[in-house]
Amino acid sequence: MTKYTSDRLKILFEKLRSKDTSALGIFITAGDPDFDTSLKIMEGLPEEGADMIEFGMPFSDPMADGPAIQASSKRALEAGGSLKKTLDMVRIFREKNNSTPIILMGYYNPIYNFGVQKFLTEVIEAGADGLIVVDLPPEEDEELCIPAKECNLPFVRLTAPTTSNERLTTVLQNATGFIYYVSITGITGTKDVPIELVTHAVQNLKEHSNLPIAVGFGIKTREHVEQVTRIADAAIVGSEVVNAIANTLDANGKAKPETIQTTLSLVRDLAAGVRGK
Amino acid sequence: MSYKEIANTLRNAPDENGHFGIFGGQYVAETLMPLIIEVCDAWRASKNDPSFWSELEYYRQHYIGRPSPLYLASRLTEHFNGAKLYFKRDELNHTGAHKINNVMGQALVARRMGKTKIIAETGAGQHGVATATACALFNLECEVFMGAEDVKRQKPNVDRMRLLGAKIHPVTSGSSTLKDAMNEALRYWVSKAETHFYIIGTVAGPHPYPEMVRDFQCVIGEETKEQIMAAEGRLPDTLVACIGGGSNAIGLFHPFLDDQVKIIGVEAAGYGVETGLHAASLTGGRPGVLHGNRTYLLQNEDGQITEAHSISAGLDYPGIGPEHSWLFENGRVDYVCATDQEALEAFALCSRLEGIIPALEPAHALAYIATIIKTLPKDHIIVMNMCGRGDKDLEAVLPLLEKMGKL
Ligand SMILES: Cc1ncc(COP(=O)(O)O)c(C=O)c1O
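Here the structure is a predicted model, which means the values were calculated and not measured.

1. Observations concerning the overall build of chain B
Part 1 of the argument: For chain B, the helix and strand inventory stands at 16 helices and 14 strands.
Part 2 of the argument: Computed over C-alpha atoms, the radius of gyration of chain B comes to 20 Å, within 12% of the 22 Å expected from 2.2 N^0.38 for 407 residues, which places it in the range of a compact globule.
Part 3 of the argument: On the principal axes, the C-alpha backbone points of chain B span a range of 55 × 55 × 45 Å.
Part 4 of the argument: With 407 residues in all, chain B has 66% of them scored as buried.
Part 5 of the argument: When the accessible surface of chain B is split by element, carbon and sulfur atoms take 51% of a total near 14100 Å².
Part 6 of the argument: Of the side chains in chain B, 38 bear a positive and 49 a negative charge, and the two mean positions are spaced by 4 Å.

Structure (structure tokens):
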């Protein structure tokens, strides 16, 4: 069995803690709006201030995502995106960058279809650093969470405002990497992050776990990033970034010359909000 | 040997976590899990409470109009000149389909939970109409998610829902049909956890839905068992029902799973399974995970869900309830299919010979029966679930029948 040994997430969070700062995670969908443009955006992210990349594996039925990420998933699939191509992009990215953690984020069906063991082997070999599989709650840990754990590959858990402390115990049982706190009750990209509630929730999570805590869903502006990174170990921005991609496309949904630069400028602006940077 | 003496029953699934063999389960986002757990608990409590079932029984008798008749379709029997054909007349239920059996049950669970607002997805609109109806009766707010494509092809049902006070959300994501309506309903539910109950319309979704919906639909098979014993003094030889998500079918089948009865589910073959334009998840799909459970799905080589096609909006779903996937793999139930064209012919035939305009969905079941009944002996008894009436389909069907020279 191939084992994960790179520990990029751990190294990142240790480094940030020692510098008393937090991370900016940027979500993009692999292959949105096409393979080459998406790869260039991905490759440009670290330099603009993204500390980790949440790399969306496109799926036809993204149940927990709002219109922006649904649309980005659809663009990626229409441009020929697939799980195999997502892993190819990770491989190419790793040729030049060996430090920025990549968390693959998506839904279970393409993985199940690919084959769980084959998937884990390829994920580790390609150089990704963790998994977030939205539709695999602790009830289904046997599917992928436990096999990932056996390879030492981080399997990141989601918790939400509706997660009770009793439930939290179950959720945290097999959690590794970091905890992803979903800041709103709803889908991605619909509401703004409610800072006060998030502050309490993050404090509560810290009492239950030593893992770093990332906050996502509803973080849209530099101010949001500033507020969230003051209380959490990472702020993750998704819908706003894929919206930026969408807004630059031509009438046929194809990338324009400015697509890459406009998207990366937004990331630079968001990164300026990170506490201590 | 009576079925009670059979040690190995097929009627005990799912297990505690909602698994039918490898199928079923709870594949949903953590954001949704607290809601699902709440529904699980409420369902468990209701299921074990006799007063819950007596309340439901009241509405079954006095509101839905149960039991529905078991009717010997004598002119069709004569026409085919083979086996004897009975219809279980669930199209006579209030609102015109079997969907209300399930909705009444879930609405009562929702009321017990103190929920005041209801969400539903709908394809043909029958489940939406049934839900809007129960909501009017119980003074609950009702929001129905319906694919924009289906809003167009099922206009009469859209009008009925509006009249009953429901709010319709046309869904334009994906293929704008039933699967997308379900995605959207789930998304919406996550944001309304406190007040809303989601009434799923078929035996799909995360546990406990496949079990709960089945238990509410089992009244179809339980009545059939009594009625056929009264009419024929024995159990039928064959049961046939159409399959969208599989709720009317499992409702008829489940009480007979341990009996010596041949059971056949009919999926929609659309233009033909070989064309790729169909809704036959078992015949043309493979196992995967969607909408909270593992089951057979129509999907491409990358595991992306593909669009289903059927002339019948109620069968136009790329998945199937997990219990059917299990009954398919263990071989207890045979799954076959019928094309759009065959269903249209059965639709016309049934209308002319029996004075019963069937919904396009059960017309698929009848279409398959037409291919086997002639060669079966005269004392062979088939029971088909006439699970809905066809008024909702006239607008779509009449021009096609005209072209076929059937009008
Ligand atoms: C009359 C009728 N039959 C069948 C179906 C298919 O659903 P199921 O397979 O769950 O019975 C529908 C769905 O809308 C329907 O309206």
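2. A look at the pattern of salt bridges
Once their charged atoms are close, side chains differing in charge can pair, the charge on each being opposite to the other.
Residues and elements named next belong to chain B.
Part 1 of the argument: Within the structure shown, the criterion is met by 43 salt bridges over all chains.
Part 2 of the argument: A salt bridge links Asp-159 to Lys-155; the nearest nitrogen and oxygen atoms lie 3.0 Å apart. Of the two residues, Asp-159 and Lys-155 are both situated in helix α7 (residues 155-163); the distance of four residues between them amounts to about one turn of the helix.
Part 3 of the argument: Accessibility expressed as a relative area gives 31% for Asp-159, which makes it partly exposed.
Part 4 of the argument: Here Lys-155 falls in the partly exposed class, since its relative accessible area comes to 43%.
Part 5 of the argument: One salt-bridge network, in which partners are shared between bridges, spans Arg-44, Lys-47, Glu-211, Arg-214, Asp-215 and Glu-323.

3. Some points on the site of the ligand
Residues and elements named next belong to chain B.
Part 1 of the argument: Near the ligand, the surroundings consist of 18 residues, among which Thr-202, Gly-244, Gly-246, Ser-247 and Asn-248 are the closest.
Part 2 of the argument: One of the backbone nitrogen or oxygen atoms of Gly-246 is found 2.7 Å away from an oxygen atom of the ligand.
Part 3 of the argument: In the model, an oxygen atom of the ligand is placed 2.8 Å from a nitrogen or oxygen of the Asn-248 side chain.
Part 4 of the argument: Considered on its own, the ligand offers 390 Å² of accessible surface; in the complex 97% of this is hidden by protein.
Part 5 of the argument: Each residue belonging to the shell around the ligand can be placed in one class, and the counts come to six nonpolar, 10 polar and two charged.
Part 6 of the argument: The residues that make up the shell around the ligand include at least three from each of domain 1 (31-61 + 98-213) and domain 2 (68-96 + 218-403).

4. Describing the side chain of B:Thr238
All names here are of chain B.
Part 1 of the argument: For Thr-238, the location among the structural elements is in strand β9 (residues 238-242).
Part 2 of the argument: In terms of polar contacts, Thr-238 uses its side chain to reach the side chain of His-380, at 2.7 Å.
Part 3 of the argument: Those residues in contact with Thr-238 that lie beyond four places of it in its chain are Val-261, Lys-262, Ile-264, His-380, Ile-381, Ile-382 and Val-383.

5. Side note on the packing of aromatic side chains
Part 1 of the argument: Tallied over the full model, the rule gives 20 aromatic pairs over all chains.
Part 2 of the argument: Ring geometry for B:Phe23 and B:Tyr296: centres 5.8 Å apart, planes at 40 degrees, overall tilted. One end of the pair, B:Phe23, is in strand β2 (residues 23-27); the other, B:Tyr296, is in strand β12 (residues 292-297), and 273 residues separate them in sequence.
Part 3 of the argument: An angle of 70 degrees between the planes, with centres 5.7 Å apart, marks the rings of B:Trp189 and B:Tyr198 as edge-to-face.
Part 4 of the argument: For B:Tyr198, a relative accessible area of 0% gives the class buried.
Part 5 of the argument: A connected cluster of aromatic rings, assembled from ring pairs, spans B:Phe23, B:Tyr296, B:Phe328 and B:Tyr335.
Part 6 of the argument: Note that A:Lys118 overlies the ring of A:Phe114, its terminal NZ or CZ placed 3.8 Å from the centroid.
Part 7 of the argument: Sitting over the ring of B:Tyr71, B:Arg89 keeps its end group 5.5 Å from the ring centre.

6. Digging into the sheet that holds strand β10 (residues 262-270) of chain B
Residue and element names in this part refer to chain B.
Part 1 of the argument: Pairing within the open sheet is mixed, and its six strands lie in the order β3-β4-β14-β9-β10-β13. Looking at which strands have only one partner, the edges of the open sheet turn out to be β3 (70-72) and β13 (334-339). On average, each strand axis in the sheet is tilted by 30 degrees relative to the strand beside it, whichever way the strands run.
Part 2 of the argument: Of the strand pairs in this sheet, β10 and β13 are connected by six bridges, and their pairing is parallel.

7. Focus: helix α8 (residues 165-172) of chain A
All names here are of chain A.
Part 1 of the argument: Taken together, the buried positions of α8 are occupied by Arg-167, Leu-168, Val-171 and Leu-172. Seen end-on, α8 carries its buried residues on one side only, within an arc spanning 130 degrees. Those residues of α8 that are exposed and aimed more than 90 degrees away from the buried face are Glu-166 and Thr-169.

8. Structural notes on the confidence of the model for chain B
Part 1 of the argument: Taken over all residues, the pLDDT of chain B has a mean of 95, while the share at 70 or more is 98%.
Part 2 of the argument: Across residues 1-6 of chain B the pLDDT falls below 50, and counting only partners more than four positions away or on other chains, this stretch makes six contacts in the model.

9. Description of unusual backbone geometry
Part 1 of the argument: Look at the link from B:Arg66 to B:Pro67: it is a cis peptide, with omega at -5 degrees.
Part 2 of the argument: Structurally, the position occupied by B:Pro67 is in the loop between α2 (50-64) and β3.
Part 3 of the argument: A cis geometry characterises the amide bond from B:His207 onward to B:Pro208, with omega recorded as 15 degrees.
Part 4 of the argument: When you line up the elements, B:Pro208 lands in the loop between β8 (196-199) and α9 (209-217).
Part 5 of the argument: Located in the positive-phi region is A:Asp7, a residue other than glycine, with phi close to 55 degrees.
Part 6 of the argument: If you trace the backbone, A:Asp7 turns up in the segment before α1 (8-18).

10. A closer look at the sheet that holds strand β3 (residues 102-106) of chain A
Residues and elements named next belong to chain A.
Part 1 of the argument: The strand order β4-β3-β2-β1-β8-β7-β6-β5 describes an open sheet built from eight strands, whose pairing is parallel. Of all the strands in the sheet, just β4 (130-133) and β5 (157-159) have a single pairing partner and so form its edges. For this sheet, the mean inter-axis angle between neighbouring strands, taken without regard to orientation, is 25 degrees.
Part 2 of the argument: Sheet analysis places strand β2 (residues 52-56) next to β3, joined by four bridges and oriented parallel. In the strand pairing of β3, Phe-55 is matched with Leu-104.
Part 3 of the argument: The strands that helix α12 (residues 259-271) touches are β1 (23-29) and β8 (234-237); relative to β1, the one it contacts most, it runs at about 155 degrees.

11. Points about the domain arrangement of chain B
All names here are of chain B.
Part 1 of the argument: Partitioning chain B into domains gives domain 1 (31-61 + 98-213) and domain 2 (68-96 + 218-403).
Part 2 of the argument: Placing a centre on the C-alpha atoms of domain 1 and another on those of domain 2 gives a separation of 23 Å.
Part 3 of the argument: Between domain 1 and domain 2, the residue contacts involve 33 residues of the former and 33 residues of the latter.
Part 4 of the argument: Interface area for domain 1 against domain 2, summed over the two sides, is near 2600 Å², with a carbon-plus-sulfur share of 57%.
Part 5 of the argument: Three residues, His-98, Arg-153 and Lys-179, lead the burial of domain 1 against domain 2; their summed loss comes to 25% of the area buried on that side.
Part 6 of the argument: Scanning the region where domain 1 abuts domain 2 turns up 10 residue pairs in polar contact (both at pLDDT 80 or more).

Cut-offs applied
Residues numbered from 1 in each chain as written. Chains lettered and ligands numbered in written order. Predicted model: local features only at pLDDT ≥ 70, side-chain atom pairs only at ≥ 80, totals over all residues. Heavy atoms only, no water. Helix = DSSP H or I, 4+ residues; strand = E, 2+ residues; numbered from the N terminus. Rg over C-alpha atoms; globule rule 2.2 N^0.38 Å. Buried < 20%, exposed > 50% of the residue type's maximum accessible area, 1.4 Å probe, protein only. Areas by Shrake-Rupley, 256 points an atom, 1.4 Å probe, with all protein chains shown as cover. Lys, Arg positive; Asp, Glu negative; His and termini not counted. Charge placed at Lys NZ, Arg CZ, Asp CG, Glu CD. Salt bridge = Lys/Arg side-chain N within 4 Å of Asp/Glu carboxyl O. Near = heavy atom within 4 Å. Polar contact = N/O pair within 3.5 Å; in protein donor to acceptor, adjacent residues only side chain to side chain. Nonpolar A, V, L, I, M, F, W, Y, C, P; charged D, E, K, R; others polar. Domains from an automatic or database assignment. Contact = heavy atoms within 4.5 Å. Phe/Tyr/Trp six-rings, centres within 6.5 Å; stacked < 30°, edge-to-face > 60°. Lys NZ or Arg CZ within 6 Å of the ring centre and 35° of its normal. Pairing = 2+ DSSP bridges. Axes fitted to C-alpha atoms, helices over the stretch in contact; angles between N-to-C directions. Arc of directions from axis to C-beta. pLDDT = per-residue confidence, 0-100. Buried area = accessible area lost by both parts, 1.4 Å probe.

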